Amino acid sequence: MRSPGRPEPSRAVQRDFWRLIASGVTTVQAAEGVGVSSPVGIRWFRHAGGMTPLTLDDPTRRYLSFVEREEIALLRARDKGVREIARMIGRDPGTVSRELRRNAASRGGKPVYRAVVAQWKAQQAAKRPKTAKPARDERLREYVQDRLAGNVRRPDGTVVAGPRTPPWKGLNKPHRQDRRWSTAWSPEQIAHRLKVDFPDDEFMRISHEAVYQCLFIEGRGALKRELVTCLRTGRALREPRVRSRNKPQGHITADVVLSERPAAAEDRAVPGHWEGDLITGTGRSAIGTLIERSSRSTLLVHLPRLEGWGEKPLVKNGLSLGGYGAVAMNAALMVSMTKLPEQLLKTLTRDRGKELSARAQFALDTGTRVFFADPHSPWQRPTNENTNGLLRQYFPKGTDLSRWPVDDLEAVALALNNRPRKVLGWKTPAEVFSEQLQLLQQPGVASTD
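Just so it is clear, the structure is predicted and the values come from calculations on it, not from any experiment. (Residues numbered from 1 in each chain as written. Predicted model: local features only at pLDDT ≥ 70, side-chain atom pairs only at ≥ 80, totals over all residues. Heavy atoms only, no water.)

Right, let's talk about the overall build of the chain for a bit. In terms of regular secondary structure, the chain is built from 17 helices and 7 strands. Residues counted as buried form 44% of the 449 residues belonging to the chain. Put simply, 64% of the contacts in the chain that link residues at least 6 apart link residues at least 24 apart. On the chain, roughly 24700 Å² of surface is accessible, and the fraction owed to carbon and sulfur atoms is 51%. (Helix = DSSP H or I, 4+ residues; strand = E, 2+ residues; numbered from the N terminus. Buried < 20%, exposed > 50% of the residue type's maximum accessible area, 1.4 Å probe, protein only. Contact = heavy atoms within 4.5 Å. Areas by Shrake-Rupley, 256 points an atom, 1.4 Å probe, with all protein chains shown as cover.)

What follows is the structure in structure tokens.
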């Protein structure tokens, strides 16, 4: 076995390094904690994709530890025999004999047992050329890649190209720039949907953790690293995420606060209760979002800029031309929501933005009661907040959202509504929404507020 140079630190050291990473310290602090240089610790972390490459459990007595190899090296330097060494460290003589024969250093032409070299040789021999499952099974690999990186399509099946994006450079998603549009199922959704699509084929199975390993860990070879851009976070390494929680407020009266919302909207048992919000871009561009709480179905509201935007000077307290003023918002919501049956237009829960300040007229026109969440409480609209995070994969911050026509917004909504959800028993929102419509069309079915 040819030595590549200075042996790497033992697995015990690496295990302590990953234990520190799991405790929440930085990579540099973890490297200092185990006595290796920060570049070495950073290399370990990046090559492993931020994922622990070895078990953190202490090894069993089946294998010699680094401490035992140090004892063997010291006793061997004192010209102790194999049986005496075995008796002193509590091992079988055959184990010590094989260790001295297999893992001795032979660089100077004469075998000399050194603990560091022996540990490195043992670690090299313990490596297994285990091939990732997607690399062995082409059908499984194509299924995973298509659900992860497949094309976004319109209802008629035509592909939506989406924005042109720069080539991936091994870093995280571009900051405030366009991202590639893809089917973008999560690894967990892919893993569980396999059981639905192939209930009798046990070969079409893979865990979500195995998919993450194929994406993040170098050398797995099954999936290309650049496919991490198709994940919702778009991160090249697995790290905790931190999100901003700043939410705007508007003038809210006592009759439309969240505590006044019907109890039926809270338990999600009855369809027809919606959550709404905006995702904003540059130049006061925005897209409205509507999420049905029971089925998790998504509607995207097209908010084009009004005539005169960018040409007329701003007027204080005048009509907003950006596309999501109170008047424009009411008109856009009317177009989207009046296509639905009246039984599915019970309530709408919004944050405290002023874009729905004309809520009284909206409620009169649609019959939908409007309620507002408490200040700085995004968890009171959890489905909407989660969906907004998913939509940022298609409409990143810092981009112009007014350029996307209605057809493209419908295609993105179709992609989200056909993603299986864990909360729905791995059904898609489109499937659940279709079941709800069929129930409403049955004679004698009454709705409950």
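When strand β4 (residues 286–292) meets strand β5 (residues 298–302), the two strands line up antiparallel, connected through 5 bridges. For Thr289, the partnering residue across the bridge sits in β5 and is Leu300. As consecutive antiparallel partners, β4 and β5 are separated by 5 residues, and within that stretch Arg296 has a phi angle of approximately 65°, a positive value. (Pairing = 2+ DSSP bridges.)

This part takes up the environment of Arg421. In this structure, Arg421 sits in the loop between α16 (406–417) and α17 (429–441). Of the residues examined, Arg421 reaches a relative accessible area of 7% and is grouped as buried. Residues Arg421 and Arg193, spaced 228 residues apart in sequence, show a C-alpha to C-alpha distance of 9.2 Å.

Another point: the nonpolar core. Soluble globular proteins tend to pack their nonpolar side chains together in the buried interior. Val144, Leu148, Leu215, Phe216, Leu223, Leu227 and Leu231 are the most contacted members of the largest nonpolar core, which has 24 residues in total. Listed by contribution, the elements that provide at least two residues to this core are α9 (138–149), α10 (187–197) and α11 (208–216). For Leu231, the residues in contact, after removing those within four places along its chain, are Leu148, Arg179, Pro187, Tyr212, Leu215, Phe216 and Gln393. Listed in part, the 22 residues of the second largest apolar core include Val256, Leu333, Leu340 and Phe362. (Core = buried A, V, L, I, M, F, W, Y, C linked by side-chain atoms within 4.5 Å.)

Moving on to the packing of helix α2 (residues 27–34) against helix α3 (residues 38–47). Running from N to C, α2 and α3 point in directions that differ by 120°, and their axes come no closer than 8 Å. For the element pair α2 / α3, the angle class is oblique. Once α2 is placed against α3, the crossing between them reads as right-handed. Across the interface between the two elements, Thr27, Val28 and Ala31 of α2 pack against Ser38, Gly41, Ile42 and Phe45 of α3. Residue classes in the contact of α2 with α3 are distributed as 4 nonpolar, 3 polar and no charged. (Axes fitted to C-alpha atoms, helices over the stretch in contact; angles between N-to-C directions. Parallel < 35°, antiparallel > 145°, perpendicular 65-115°, else oblique. Left-handed = near helix turned anticlockwise from the far one by under 90°. Nonpolar A, V, L, I, M, F, W, Y, C, P; charged D, E, K, R; others polar.)

Time to look at the side chain of Arg350. Tracing the sequence through the fold places Arg350 in strand β6 (residues 347–350). Discounting chain neighbours no more than four positions away, the residues touching Arg350 are Gly276, Asp277, Leu278, Met329, Glu355, Leu356, Val370, Phe371, Phe372, Ala373 and Arg381.

One pass over the structure, following the stated rule, counts 8 aromatic pairs. Geometrically, the ring pair formed by Phe17 and Trp18 is edge-to-face, given 5.4 Å between the ring centres and 85° between the ring planes. On the basis of relative accessibility, which here comes to 2%, the residue Trp18 falls in the buried class. Ring geometry for Phe17 versus Trp44: centroids 5.2 Å apart, planes at 80°, classification edge-to-face. Residue Phe17 is located in helix α1 (residues 11–23), and its partner Trp44 is located in helix α3; the two are separated by 27 residues in the primary sequence. For the residue pair Phe17 and Trp44, the accessibility class agrees, reading buried in each case. Between Arg147 and the ring centre of Tyr143, over which it is positioned, the NZ or CZ distance is 3.9 Å. (Phe/Tyr/Trp six-rings, centres within 6.5 Å; stacked < 30°, edge-to-face > 60°. Lys NZ or Arg CZ within 6 Å of the ring centre and 35° of its normal.)

Over its 12 residues, α9 runs 16 Å from end to end, which matches the ideal 16 Å to within 8%, given 1.5 Å per residue. For α9, the set of buried residues is Leu140, Tyr143, Val144, Leu148 and Ala149. Buried residues in α9 make contact with α8 (133–136), α10 and α11. For α9, the N-terminal cap is Asp137; the gap from its side-chain oxygen to the backbone nitrogen of Arg139 is 3.1 Å. (Expected span 1.5 Å × (residues − 1). Polar contact = N/O pair within 3.5 Å; in protein donor to acceptor, adjacent residues only side chain to side chain.)

A word on the sheet that holds β4. The sheet built from 5 strands is open, its strands ordered β5-β4-β3-β6-β7 with mixed pairing. In this open sheet, the two edge strands, each paired with only one partner strand, are β5 and β7 (369–372). Each neighbouring strand pair of the sheet contributes to a mean axis angle of 25°, computed without reference to strand direction. Summarising the sheet, β6 and β7 pair through 4 bridges and their orientation is parallel. Bridge assignment links Leu348 to a residue of β7, and that residue is Val370. Of the strands in this sheet, β3 (273–280), β4 and β5 touch helix α15 (residues 382–391), which is tilted by about 35° from β3.

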